[in-house]
Amino acid sequence: AQSVSQHNHHVILSEAASLELGCNYSYGGTVNLFWYVQYPGQHLQLLLKYFSGDPLVKGIKGFEAEFIKSKFSFNLRKPSVQWSDTAEYFCAVNAKSVNTNAGKSTFGDGTTLTVKP
Amino acid sequence: DVKVTQSSRYLVKRTGEKVFLECVQDMDHENMFWYRQDPGLGLRLIYFSYDVKMKEKGDIPEGYSVSREKKERFSLILESASTNQTSMYLCASRGLAGVSSYEQYFGPGTRLTVT
């Protein structure tokens with residue numbers, strides 16, 4: 001079974017600081033990887049995703065993530081955070097299936113990011 | 001824009017009541033999901049459906065059932081609500097891999113309190 005581990009439960013940064021949120025997954029096969037974000041009072045929404053190809057993927061609002069297959073990691077980064085980045089961030093892994101209709105995602109426990117102005 | 005709607009934002013029920021949570025998506029997605037979100041536990045999958053009338057148990061199906069009679073609608077049923085089912089319930093939908101972006105689109109959530 002697949003699993004996802006997010007190392008940081010709560011991160012507090014000042015504006016302009018750099019961010020890196022850790023995500024490791026456990027699954028022996030090919031995976032799709034996602035980061036979702038939930039801003040206060042809003043729906044969960046996609047931040048970025050990795051399917052194949054370039055292991056460095058860029059998402060919305062200046063976020064990026066790097067897939068390192070040998071480390072089973074998909075860490076999220078942003079060089080300079082803003083107050084508006086305050087939110088909860090979830091890493092998710094979806095195991096690829098030969099049946100394109102199947103495949104469930106497993107989410108990490110989430111990391112709450114607080115950015116102080 | 002994909003839209004996933006849930007029937008209620010807030011719901012208060014009594015222990016032992018039968019509870020229905022409804023979810024509707026407007027993107028003709030094949031896959032639909034029900035999660036519960038609890039602080040410190042992330043999102044945990046209750047059930048998912050990959051086609052009309054087709055369903056699979058997720059990681060925590062006990063105490064829940066689901067129904068998908070139409071492609072756009074996926075219902076979560078708490079047969080006999082208990083206080084440990086107090087939670088935020090999220091519905092999501094997703095298209096097929098290879099023909100869609102394969103990301104999940106989430107509804108606004110239903111905060112259920114069982115007293």
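No experiment lies behind these values; they were computed from the predicted model shown.

Rules used throughout
- Residues numbered from 1 in each chain as written.
- Chains lettered and ligands numbered in written order.
- Predicted model: local features only at pLDDT ≥ 70, side-chain atom pairs only at ≥ 80, totals over all residues.
- Heavy atoms only, no water.
- Contact = heavy atoms within 4.5 Å.
- Buried area = accessible area lost by both parts, 1.4 Å probe.
- Salt bridge = Lys/Arg side-chain N within 4 Å of Asp/Glu carboxyl O.
- Polar contact = N/O pair within 3.5 Å; in protein donor to acceptor, adjacent residues only side chain to side chain.
- Helix = DSSP H or I, 4+ residues; strand = E, 2+ residues; numbered from the N terminus.
- Nonpolar A, V, L, I, M, F, W, Y, C, P; charged D, E, K, R; others polar.
- Buried < 20%, exposed > 50% of the residue type's maximum accessible area, 1.4 Å probe, protein only.
- Pairing = 2+ DSSP bridges.
- 1 Å grid on protein atoms, 1.4 Å probe; cavity = no way out; pocket = protein on both sides within 12 Å on 5 of 7 lines; lining within 4 Å.
- Points joined across faces, edges and corners; volume = space filled by probe spheres on them.
- Core = buried A, V, L, I, M, F, W, Y, C linked by side-chain atoms within 4.5 Å.
- Axes fitted to C-alpha atoms, helices over the stretch in contact; angles between N-to-C directions.

1. Thoughts on the interface of chain A and chain B
How large an interface is tends to be reported as the accessible area lost when its parts come together.
Okay, step 1: Listed as interface residues are 21 residues of chain A and, on the opposing side, 25 residues of chain B.
Okay, step 2: The junction of chain A with chain B conceals about 2,000 Å² of combined surface from both sides, 49% of it contributed by carbon and sulfur atoms.
Okay, step 3: Counting every contact that joins chain A to chain B gives 0 salt bridges.
Okay, step 4: At the boundary of chain A and chain B, one finds 6 residue pairs in polar contact (both at pLDDT 80 or more).
Okay, step 5: Where the side of chain A that touches chain B is concerned, the elements lending two or more residues are strand S5 (31-38), strand S6 (44-50), strand S10 (87-95) and strand S11 (105-107) of chain A.
Okay, step 6: Considering each element in turn, the side of chain A that touches chain B owes the most residues, 4 residues, to S5(A).
Okay, step 7: Its residues assigned to classes, the side of chain A that touches chain B shows 8 nonpolar, 9 polar and 4 charged.

2. Side note on the pairing of S5(A)
Residues and elements named next belong to chain A.
Okay, step 1: Burial of S5 is extensive: 8 of the 8 residues sit out of reach of the surface.
Okay, step 2: The side-chain alternation of S5 yields two buried faces, one formed by Val31, Leu33, Trp35 and Val37 and the other by Asn32, Phe34, Tyr36 and Gln38.
Okay, step 3: Taking the residues that link successive antiparallel strands as the turn, the S5-S6 hairpin has 5 residues, and the phi of Gly41 there is positive, at about 75 degrees.

3. Focus: the environment of A:His9
Okay, step 1: Relative to the elements of secondary structure, A:His9 occurs in the loop between strand S1 (3-6) and strand S2 (10-14).
Okay, step 2: Apart from residues no more than four positions distant in its own chain, A:His9 is found in contact with A:Asp109, A:Gly110, A:Thr111 and A:Thr112.

4. Quick word on the layout of surface pockets
Empty space among the atoms becomes apparent when a probe as large as a water molecule is rolled across them.
Okay, step 1: A volume near 330 Å³ is recorded for the largest pocket.
Okay, step 2: Lining the largest pocket are 19 residues, with A:Gln38, B:Gln37, B:Met88, B:Pro108 and B:Arg111 positioned closest to its centre.

5. Quick notes on the side chain of A:Lys78
Residues and elements named next belong to chain A.
Okay, step 1: Examined against the element boundaries, Lys78 turns out to sit in strand S9 (residues 73-78).
Okay, step 2: Look at Lys78 and you get buried, because its relative accessible area is 6%.
Okay, step 3: Here the side chain of Lys78 touches Lys61 through a polar contact of 2.9 Å, landing on its backbone oxygen.

6. As for the nonpolar core
Okay, step 1: Of all hydrophobic cores here, the largest spans 28 residues; its most connected members are A:Trp35, A:Leu48, A:Phe74, A:Leu76 and A:Tyr89.
Okay, step 2: Among the nonpolar cores identified, the runner-up in size contains 20 residues, and B:Val4, B:Leu11, B:Tyr47 and B:Leu78 belong to it.

7. Focus on the sheet that holds strand S3 (residues 19-25) of chain B
Strand pairing in a sheet relies on backbone hydrogen bonds, with the paired strands running either antiparallel or parallel.
Residues and elements named next belong to chain B.
Okay, step 1: Ordered by their spatial adjacency, 4 strands build an open sheet running S1-S3-S8-S7, and the pairing between neighbours is antiparallel. For this open sheet the edge positions go to strand S1 (4-6) and strand S7 (64-70), each flanked by a neighbour on one side alone. For this sheet, the mean inter-axis angle between neighbouring strands, taken without regard to orientation, is 20 degrees.
Okay, step 2: Across 6 bridges, the pairing between S3 and strand S8 (residues 73-78) is antiparallel. Looking at the pairing, Phe20 lines up with Ile77 of S8.

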